[in-house]
Amino acid sequence: MRTPVDDYLADVLTRCRDNTDGALADYIPELACVDPSLLAAAVCMADGTIYAAGDVDHRFTIQSMSKPFVYALALRDLGEREVAARVGVEPSGDAFNQLSLGRDGRPRNPMINAGAIAVHSLIGGPDASDAERSRRILDGISAFAGRRLDVDDAVFESEFETSFRNRGIANMLRSVGVITQEPRDVVREYTRQCAIRVSVRDLAVMAVTLAMGGVNPRTRERVVPAWVCRQVLSVMMTCGMYDAAGDWMTSVGIPAKSGVSGGVLGALPGHVGLAAFSPKVDDHGHSVRGVRIFERLSRDLSLHLMEVQEARVRILQSSGEVELRDGTARHVQLRGALYFGSVERLLRELDDIPPGDALVVDLTEVAHINPIGRRMLLDAMARLGEGRRLVLVDPSGRLRNPRETGLDLDVVRKIADEQ
Ligand code: DON
């Protein structure tokens with residue numbers, strides 16, 4: 001069944017279809033044979049619901065969009081310190097395929113080829129065989145996508161045969177000890193990593209898994225810990241779009257990664273995963289139509305990271321009186337997400353409630369609460385509960401153990417239980 005969101009996405013594609021700028025990434029000969037008119041977009045929500053439009057089932061190679069996920073796998077398996085010993089987190093301001101190293105002898109970040117080749121070489125540890133490294137990467141990226149992915153052998157062979165530049169980068173990395181294996185073998189398996197095939201739906205699911213702290217909302221598998229996602233999204237935000245990162249931050253404002261096959265994926269923390277595909281790319285290696293699609297989505301749906309902060313501070317209705325078995329109480333119904341900013345405002349509103357009034361604090365419509373939001377709300381409940389009857393309605397158990405407040409608190413599953 002088509003939904004208004006599918007129709008909206010189809011409309012976004014229609015508006016971008018006329019743009020025929022850019023060129024196929026023919027430095028990989030097989031990519032010069034792709035149909036340049038292909039066009040698709042997908043969105044995956046926090047609960048795993050997918051909306052998509054255009055050539056949604058077309059498969060293309062993941063290319064540099066593999067980089068954040070392999071970085072995530074390396075962080076998960078080796079820890080932050082060991083990965084940081086081999087690759088930095090500073091934007092390079094250079095093109096993705098620059099033969100560059102920072103002054104400290106490490107590649108500047110894991111999103112450019114030099115950093116990505118270094119990160120690739122870490123997977124499975126120094127003793128892992130080439131096959132083992134590749135298998136772990138395919139397994140890991142498949143877990144992000146929530147289905148078994150495969151490799152496009154034609155694109156892999158075509159790129160590997162002509163991968164002189166990446167071999168130059170790998171030789172440079174070997175000469176300074178950033179990689180320890182034979183450079184040609186590392187480039188071959190890195191090239192295989194880049195030739196994993198995905199659709200826009202896969203990319204949107206992979207992106208939302210990063211956005212949701214590492215749990216794939218469709219399979220419910222925890223792929224990586226939350227701290228890894230924070231690290232990866234931070235590096236995507238600053239380095240994911242290479243030497244166009246500043247333009248991207250200002251115009252789109254979503255942590256993102258592109259690939260020369262024409263895909264772009266974006267992950268808005270706690271919110272949504274997005275993907276676009278169209279094969280013609282600009283001088284930075286970003287899909288021309290893909291960038292336009294993201295600009296529209298960001299603007300139309302208010303997804304810019306610097307806007308969303310404010311939108312989160314939507315809290316509550318202080319909604320009148322409620323009848324309890326033994327009298328009436330003030331009904332404070334919270335709505336939205338409870339973070340530092342939103343709870344701080346809520347606490348000031350709660351301070352205005354006259355002392356002594358019985359109070360029902362109702363969390364039924366709270367979508368999300370983070371640890372500091374929970375702590376602050378519990379403290380507020382402790383204060384509010386002094387000298388009055390306090391009922392907490394918390395059907396999803398968001399406050400987990402509200403008796404931490406030390407109060408003799410009535411906790412009810414549904415407000416009906418109390419009426
Ligand atoms: O290593 C390469 O050159 C390609 N396999 C990937 C480059 C890429 O996707 C750049 N991003 N937009």
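Structure first, text after, so check above.
What counts and how
Residues numbered from 1 in each chain as written. Predicted model: local features only at pLDDT ≥ 70, side-chain atom pairs only at ≥ 80, totals over all residues. Heavy atoms only, no water. Salt bridge = Lys/Arg side-chain N within 4 Å of Asp/Glu carboxyl O. Helix = DSSP H or I, 4+ residues; strand = E, 2+ residues; numbered from the N terminus. Buried < 20%, exposed > 50% of the residue type's maximum accessible area, 1.4 Å probe, protein only. Contact = heavy atoms within 4.5 Å. Near = heavy atom within 4 Å. Polar contact = N/O pair within 3.5 Å; in protein donor to acceptor, adjacent residues only side chain to side chain. Areas by Shrake-Rupley, 256 points an atom, 1.4 Å probe, with all protein chains shown as cover. Nonpolar A, V, L, I, M, F, W, Y, C, P; charged D, E, K, R; others polar. Pairing = 2+ DSSP bridges. Axes fitted to C-alpha atoms, helices over the stretch in contact; angles between N-to-C directions. Parallel < 35°, antiparallel > 145°, perpendicular 65-115°, else oblique. Left-handed = near helix turned anticlockwise from the far one by under 90°. Expected span 1.5 Å × (residues − 1). Arc of directions from axis to C-beta.

(A) The arrangement of the pattern of salt bridges in detail. Under the definition given, this model contains 19 salt bridges. A salt bridge links Asp11 to Arg15; the shortest N-O distance between them is 3.0 Å. Here Asp11 pairs with Arg15, and both are found in helix H1 (residues 4–17), just 4 residues apart, close to one helical turn. Asp57 is the salt-bridge partner of Arg201, the closest N and O atoms lying 3.8 Å from each other. Placement of the pair is Arg201 in helix H9 (residues 200–211) and Asp57 in the loop between strand E2 (50–54) and strand E3 (60–61), with a sequence separation of 144 residues. A residue is classified by how much of its surface remains accessible, and Arg201, at 31% relative accessible area, is partly exposed. Sharing partners across several salt bridges, the network here consists of Arg76, Asp77, Glu132, Arg135, Arg136, Asp139 and Arg148.

(B) Representation of the side chain of Asn166 in the model. The residue Asn166 is located in helix H7 (residues 164–175) in this model. For Asn166, a relative accessible area of 6% corresponds to the buried category. Those residues in contact with Asn166 that lie beyond four places of it in its chain are Asn113, Ile117, Glu159, Val187 and Tyr190.

(C) Representation of the site of the ligand within the structure. In the vicinity of the ligand, 14 residues are found, and the nearest of them are Tyr27, Gln63, Ser64, Glu159 and Tyr190. Side-chain polar atom of Tyr190 to an oxygen atom of the ligand: 2.8 Å apart, as the coordinates give it. Between the ligand and the protein, one listed contact pairs a nitrogen atom with a side-chain N or O atom of Tyr242 at 2.9 Å. Burial of the ligand by the protein chains amounts to 99% of its free accessible area of 340 Å². Across the shell around the ligand, the residue classes break down as 6 nonpolar, 7 polar and 1 charged.

(D) Quick peek at the sheet that holds strand E6 (residues 263–268). Across the sheet, which stays open at both edges, the 5 strands sit in the order E2-E1-E7-E6-E5 with antiparallel pairing between neighbours. The sheet is open, and its two borders are formed by E2 and strand E5 (256–258), each paired with just one other strand. Across the sheet, the mean angle separating the axes of adjacent strands is 10 degrees when strand polarity is ignored. Running over the sheet, H1 touches strand E1 (40–45) and E2 and is turned about 35 degrees from E2. Across the sheet, helix H12 (residues 288–300) lies against E1, E6 and strand E7 (272–277), angled at about 145 degrees from E7, the strand it touches most.

(E) Molecular detail of the packing of helix H5 (residues 130–145) against helix H8 (residues 183–194). Put simply, H5 and H8 touch, their axes get as near as 10 Å, and they point 25 degrees apart. Relative to H8, H5 is oriented roughly parallel. The handedness of the crossing between H5 and H8 comes out as right-handed. In this structure, H5 uses Asp130, Arg133, Ser134 and Ile137 to contact H8, whose residues at the interface are Asp185, Val186, Arg188, Glu189, Arg192 and Gln193. Tallied by class, residues from the contact of H5 with H8 come to 2 nonpolar, 2 polar and 6 charged.

(F) Here's a closer look at H7. Helix length check: H7, at 12 residues, gives a terminal C-alpha distance of 16 Å against a target of 16 Å (1.5 Å per residue), a fit within 8%. Every buried residue of H7 is accounted for by Asn166, Arg167, Ile169, Ala170, Met172 and Leu173. Residues of H7 that are buried make contact with helix H4 (113–122), helix H6 (153–161) and H8. Within two residues after H7, Gly177 carries a phi angle of roughly 80 degrees, on the positive side.

(G) How the structure looks around helix H14 (residues 340–351). Compared with the 16 Å implied by 1.5 Å per residue over 12 residues, the 17 Å span of H14 between its first and last C-alpha is a close match. Listed as buried for H14 are Ser342, Val343, Leu346, Leu347 and Leu350. Angular distribution of buried residues about the axis of H14 spans 135 degrees; they occupy a single face of the element. Structural note: H14 exposes Phe340 and Asp351 on the side pointing more than 90 degrees away from its buried face.

(H) Representation of the packing of H9 against helix H10 (residues 226–239) within the structure. Two numbers describe how H9 lies on H10: the axes approach to 9 Å, and their chain directions differ by 115 degrees. Touching Thr209, Leu210 and Ala211 of H9 are Cys229, Val232, Leu233 and Met236, all from H10. A per-class count over the contact of H9 with H10 returns 6 nonpolar, 1 polar and no charged.

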